[in-house]
Amino acid sequence: MKVPLLAILCVFSLSLSRAASDNPFLNDFLQCLPQKSEPTYPIFDAIYTKENSSFQSVLLGYIRNRRYSTPTTPKPLAIVAVKHESHVIATVICAKQHGLQIRIRSGGHDYEGLSYVSLVPFVILDMFNMRSIEINVTDESAWVQAGATTGELYYEIANRSKVHGFPAGACLSLGTGGHFSGGGYGYMMRKYGLSVDNIEDAKVVDVDGIILDRKSMGEDSFWAIRGGGGASFGVILSWKIKLVAVPAKVTVFNVKRTLEQGATDIIYKWQFVAPRLPQDIFIRAMPQVKNNTEGNKTVEVSFIGHFLGQSGKLLPLMNESFPELGLQQKDCFEMSWVESTVFWADYPVGTPLKVLLDRPKGPTMFFKVKSDYVKEPISKQGIESIWQILLGIEKVWMQWNPYGGRMSEISESETPFPHRAGNIFAIQYWLFWVEQGADTTNKYMDLSRKLYEGMTPFVSKSPREAFQNYRDLDIGANLDNQTRFETAKVYGSKYFKGNFNKLVRVKTVMDRQNFFRHEQSIPAL
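An account of the accompanying structure is given in this report. Here the structure is a predicted model, which means the values were calculated and not measured. Every residue gets a number counted from 1 within its own chain, in the order that chain's sequence is written. Whole-chain, interface and lining totals are the exception, using all residues; otherwise, since this is a predicted model, local features are given only for residues with pLDDT of at least 70 and side-chain atom pairs are given and counted only at 80 or more. Side-chain measures were taken over the full set of non-hydrogen atoms in the model, leaving aside hydrogen atoms and water.

A few points about the sheet that holds strand β3 (residues 101-105)
Paired strands are those between which DSSP finds at least two bridges. Under the scheme used here, helices are H or I runs from DSSP no shorter than 4 residues and strands are E runs no shorter than 2 residues, and both carry numbers assigned from the N terminus. Taken in spatial order, the 4 strands of this open sheet run β1-β2-β4-β3, and their pairing is mixed. Only two strands of the sheet have a single neighbouring strand rather than two, namely β1 (47-49) and β3. Strand after strand, the sheet turns through a mean of 20 degrees between neighbouring axes, direction not considered. Here β3 pairs with strand β4 (residues 122-126) via 5 bridges, running parallel. Bridge assignment links Ile-102 to a residue of β4, and that residue is Val-123. Contact criterion: two residues are considered in contact whenever any of their non-hydrogen atoms come within 4.5 Å of each other. Simply put, an axis is a line fit to the C-alpha atoms, just over the touching stretch for a helix, and the angle between two N-to-C directions goes from 0 to 180 degrees. Against the sheet, helix α2 (residues 24-36) touches β1, β2 (78-81) and β4, its axis set at about 20 degrees to β2.

Structure, rendered in structure tokens:
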């Protein structure tokens with residue numbers, strides 16, 4: 001017997017009322033959702049409240065930082081794991097009507113948890129079910145939904161073509177909704193720039209619940225969401241990206257050198273060489289604390305390389321430009337571009353490509369991340385002082401990512417991401433720990449600030465620039481559910497430099513009432 005839709009709605013409404021009986025705002029929100037979404041795409045099984053047995057697993061599944069999975073971390077009143085565009089529209093409209101904040105999560109990689117934590121009553125609009133990818137090899141493009149991961153995107157591109165790729169991050173579980181809207185930083189950036197430099201169109205749900213594309217939103221809004229952080233302006237549904245050409249075989253390597261093996265001299269030279277190499281070569285320097293062969297603490301630097309070509313061409317280039325590294329044929333691995341994405345995710349060479357489709361299973365460690373930009377080479381004495389700080393922390397690594405190439409050719413104002421010509425490399429700092437407790441967390445947070453302070457002489461100034469995708473609340477934040485312009489200007493100038501004022505103007509047009517907000521969002525005037 002077919003059950004009438006009205007009867008289903010009545011039962012659904014009764015169950016939601018019980019789940020939300022102690023919170024009238026939530027109750028009104030939940031009752032609103034089925035009324036505002038399309039009946040042909042029922043929203044019932046996309047909603048998780050604390051009464052639902054799956055609530056905890058859905059919440060934790062896409063939390064990447066254990067600092068935001070503790071018992072004292074504020075929890076959402078509900079999670080709407082949307083499965084259709086109408087669910088997104090309903091969530092926006094109903095949250096706005098009933099006074100709830102939404103946090104938008106696509107992969108959960110926001111380093112400060114802003115996509116799934118708030119200090120005011122909130123719901124999570126979770127995009128992980130919206131993950132379709134449509135590849136068009138003929139016109140070298142793809143439509144990618146915001147909940148698809150970078151790993152899934154790489155896998156689908158390779159299924160359709162062996163000579164196409166896309167410049168994005170090394171981590172395979174990044175949600176493309178947030179990763180692309182913050183910039184999208186990866187190991188092909190010297191050849192093709194960032195992800196945002198290769199986006200042709202987008203679909204966004206605005207504050208009124210209307211789906212906009214590039215034409216209907218206008219060029220200023222399209223500019224803003226490509227590097228200004230989509231969560232300040234609306235909900236990213238999908239991106240149209242431009243695929244890039246890659247050779248059938250690329251070459252990767254990971255050469256490790258300790259202080260005892262001359263790492264200081266090598267990384268000093270790296271600063272002069274890596275940004276000036278041909279665009280096809282990217283060499284990341286990754287210092288971290290390790291035990292040497294005698295069991296003593298030392299700094300080991302991994303020089304991780306990616307070359308859009310075969311080793312027969314790479315080795316003569318490296319021997320001429322960077323002989324200090326001592327790259328040899330035995331260090332080089334030739335593979336397809338998609339296999340190189342697995343290598344960059346730190347899997348052993350030969351790992352099956354199915355790993356690209358793995359989804360996260362919850363947080364594994366506590367961590368704190370910061371970022372910097374370097375415009376002048378650091379002296380050997382300066383590098384040695386950095387090693388001393390790292391040795392005092394131990395549970396820390398750094399990534400030094402070289403600039404030059406395409407990154408120096410694109411104007412600072414082409415997208416909101418302004419960190420272009422004038423930088424020789426960018427730094428990511430990553431402190432991590434597994435011990436629980438507030439005292440341990442405070443200890444490592446203090447150590448991260450000590451490292452950041454120690455780097456002050458060597459990095460950009462006025463402003464001290466930072467990368468928005470490496471979220472850091474220490475550099476400024478609106479912590480009281482207000483988005484004050486003067487406070488926002490502090491972090492905004494570091495993330496966006498001269499592009500901040502234009503972002504404010506776009507925000508004021510798109511979302512004057514400041515519905516889409518978080519601790520580091522763009523303010524409306």
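Focus: the pattern of salt bridges
Salt-bridge detection follows one rule: a side-chain nitrogen of Lys or Arg within 4 Å of a carboxyl oxygen of Asp or Glu. Inspection of the entire model under this criterion finds 32 salt bridges. Residue Arg-471 is joined to Asp-110 by a salt bridge in which the shortest nitrogen-to-oxygen separation is 3.3 Å. Linking Arg-471 in the loop between α14 (438-454) and α15 (485-496) with Asp-110 in the loop between β3 and β4, this pair joins segments that are 361 residues apart in sequence. In this structure, the salt-bridge partner of Lys-191 is Asp-280, at a minimum N-O distance of 3.1 Å. With Lys-191 in helix α7 (residues 189-192) and Asp-280 in the loop between α10 (263-273) and β13 (281-291), the pair connects residues that are 89 residues apart, well separated along the chain. On the basis of relative accessible area, Asp-280 is assigned to the partly exposed category, the value being 22%. Here the salt bridges do not stand alone but share partners, grouping Arg-67, Glu-112, Lys-368, Lys-370, Asp-446, Arg-449, Asp-472 and Asp-474 into one network. For each residue, the accessible area found with a 1.4 Å probe, counting protein chains only, is set against the maximum for its type, and the residue is called buried under 20%, exposed over 50%, and partly exposed in between.

A few points about the environment of Ala-231
Within the secondary structure, Ala-231 sits in the loop between α9 (219-225) and β10 (235-242). Non-local contacts of Ala-231, meaning those with residues more than four positions away in its chain, are made with Ile-104, Phe-516, Arg-517 and His-518.

Thoughts on helix α16 (residues 500-510)
Within α16, the full set of buried residues consists of Phe-500, Leu-503, Val-504, Val-506, Lys-507, Thr-508 and Met-510. Where α16 is buried, its residues contact α9 and α15.

Looking at the sheet that holds strand β6 (residues 141-145)
What the 5 strands build is an open sheet, ordered β5-β6-β10-β8-β9; its pairing is antiparallel. Unpaired on one side and paired on the other, β5 (133-136) and β9 (211-212) mark the two borders of the sheet. In the sheet, strand β8 (residues 199-205) pairs with β9 via 2 bridges, with the strands oriented antiparallel. By the bridge assignment, Val-205 is partnered in β9 with Ile-211.

Examining unusual backbone geometry
Here the amide bond leading from Ser-462 into Pro-463 is cis, since omega sits at 0 degrees, within 30 degrees of zero. Residue placement: Pro-463 occurs in the loop between α14 and α15. Its identity is not glycine, yet Glu-394 carries a phi of approximately 75 degrees, on the positive side. By the secondary structure assignment, Glu-394 is in the loop between α13 (380-393) and β17 (396-402). With a phi close to 50 degrees, Lys-497 is a non-glycine residue in the positive phi region. Mapped onto the secondary structure, Lys-497 falls in the loop between α15 and α16.

Description of the nonpolar core
Nonpolar side chains in soluble globular proteins tend to end up buried together. Residues belong to a common nonpolar core when they are buried Ala, Val, Leu, Ile, Met, Phe, Trp, Tyr or Cys residues joined through side-chain atoms within 4.5 Å. If you look at the biggest cluster of nonpolar residues, it comprises 158 residues, and the most contacted ones within it are Phe-29, Met-127, Tyr-185, Ile-241, Trp-270 and Trp-400. Of all hydrophobic cores here, the second largest spans 14 residues; its members include Tyr-48, Phe-55, Ile-63 and Tyr-116.

Here's the deal with the packing of α10 against α13
It is at 10 Å that the axes of α10 and α13 come closest, and there the two elements cross at 120 degrees. It follows from the interaxial angle that α10 and α13 lie oblique. In this structure, the crossing between α10 and α13 has a hand that is right-handed. Taking contact as the criterion, the partners of Thr-264, Asp-265, Ile-267, Tyr-268 and Gln-271 in α10 are, on α13, Lys-380, Ile-383, Glu-384 and Trp-387. By definition in this entry, angles of less than 35 degrees are roughly parallel, angles greater than 145 are roughly antiparallel, angles of 65 to 115 are roughly perpendicular, and the rest are oblique. Two helices that cross are described as forming a left-handed crossing if the nearer one is turned anticlockwise from the farther one by less than a right angle, and a right-handed crossing if clockwise.

Thoughts on the state of the cysteines
Whenever a pair of cysteine sulfur atoms sits within 2.5 Å, that pair is classed as a disulfide. For the structure on display, the rule yields 1 disulfide. Paired through a disulfide, Cys-32 and Cys-94 show a sulfur-sulfur distance of 2.0 Å. Around the S-S axis, the bridge from Cys-32 to Cys-94 shows a dihedral of about -75 degrees and counts as left-handed. Here the residue Cys-32 occupies a position in helix α2, and Cys-94 occupies one in helix α4 (residues 85-97), the gap between them amounting to 62 residues. In this pair, the class of Cys-32 matches that of Cys-94, namely buried.

Quick look at the side chain of Ser-232
With respect to the element layout, Ser-232 can be found in the loop between α9 and β10. A distance of 3.0 Å separates the side chain of Ser-232 from the backbone nitrogen of Ile-522, its partner in a polar contact. Under the rule applied, a polar contact is a pair of N or O atoms within 3.5 Å (in protein, one hydrogen donor and one hydrogen acceptor; residues adjacent in sequence only if both atoms are side-chain atoms).

Structural notes on the packing of aromatic side chains
Classification of ring pairs rests on two measures: the distance between centres of Phe, Tyr or Trp rings, Trp counted by its six-membered ring, which must be within 6.5 Å, and the angle between planes, read as stacked under 30 degrees, edge-to-face over 60 and tilted in between. Considering all chains together, one arrives at 29 aromatic pairs under this definition. Between Phe-417 and Phe-467, the aromatic rings sit 5.5 Å apart at their centres with planes inclined by 85 degrees, giving edge-to-face as the arrangement. On the criterion of sequence distance, the pair formed by Phe-417 in the loop between β17 and β18 (425-433) and Phe-467 in the loop between α14 and α15 is long-range, its members being 50 residues apart. When sorted by exposure, Phe-417 lands in the same class as Phe-467, which is buried. With centroids separated by 6.5 Å and ring planes inclined at 85 degrees, the aromatic side chains of Tyr-429 and Tyr-452 adopt a geometry described as edge-to-face. Of this pair, Tyr-429 sits in strand β18 while Tyr-452 sits in helix α14, and the two are 23 residues apart along the sequence. Considered together, Tyr-429 and Tyr-452 belong to a single accessibility category, that of buried residues. An aromatic cluster of at least three residues, connected via ring pairs, comprises Tyr-111, Tyr-185, Phe-367, Trp-397, Phe-417, Trp-430, Phe-467 and Tyr-470. For a Lys NZ or an Arg CZ to count as sitting over a ring, it must be within 6 Å of the ring centre and within 35 degrees of the ring normal. Its guanidinium or amino end placed over the ring of Trp-143, Lys-203 lies 5.5 Å from that ring's centre, counting from NZ or CZ. The positively charged end of Lys-370 is found above the aromatic ring belonging to Tyr-452, 4.6 Å away from the centroid.

Examining the pairing of β4
Within β4, 5 of the 5 residues are buried, which leaves it mostly tucked inside the rest of the structure. Burial along β4 is two-sided: Phe-122, Ile-124 and Asp-126 facing one way and Val-123 and Leu-125 facing the other are all buried. For β2 and β4, the ladder comprises 4 bridges, and the chain directions are parallel. Bridge pairing in β4 places Ile-79 opposite Ile-124.

Examining the pairing of strand β14 (residues 297-307)
Counting buried positions over the 11 residues of β14 gives 10, a clear majority of the element. Note: β13 against β14, 11 bridges, orientation antiparallel. Residue Pro-287 lies in a different strand from β14, and its bridge partner there is Val-301. Hairpin connection of β13 to β14: 5 residues between the antiparallel strands, including Gly-295 at a positive phi of 85 degrees.

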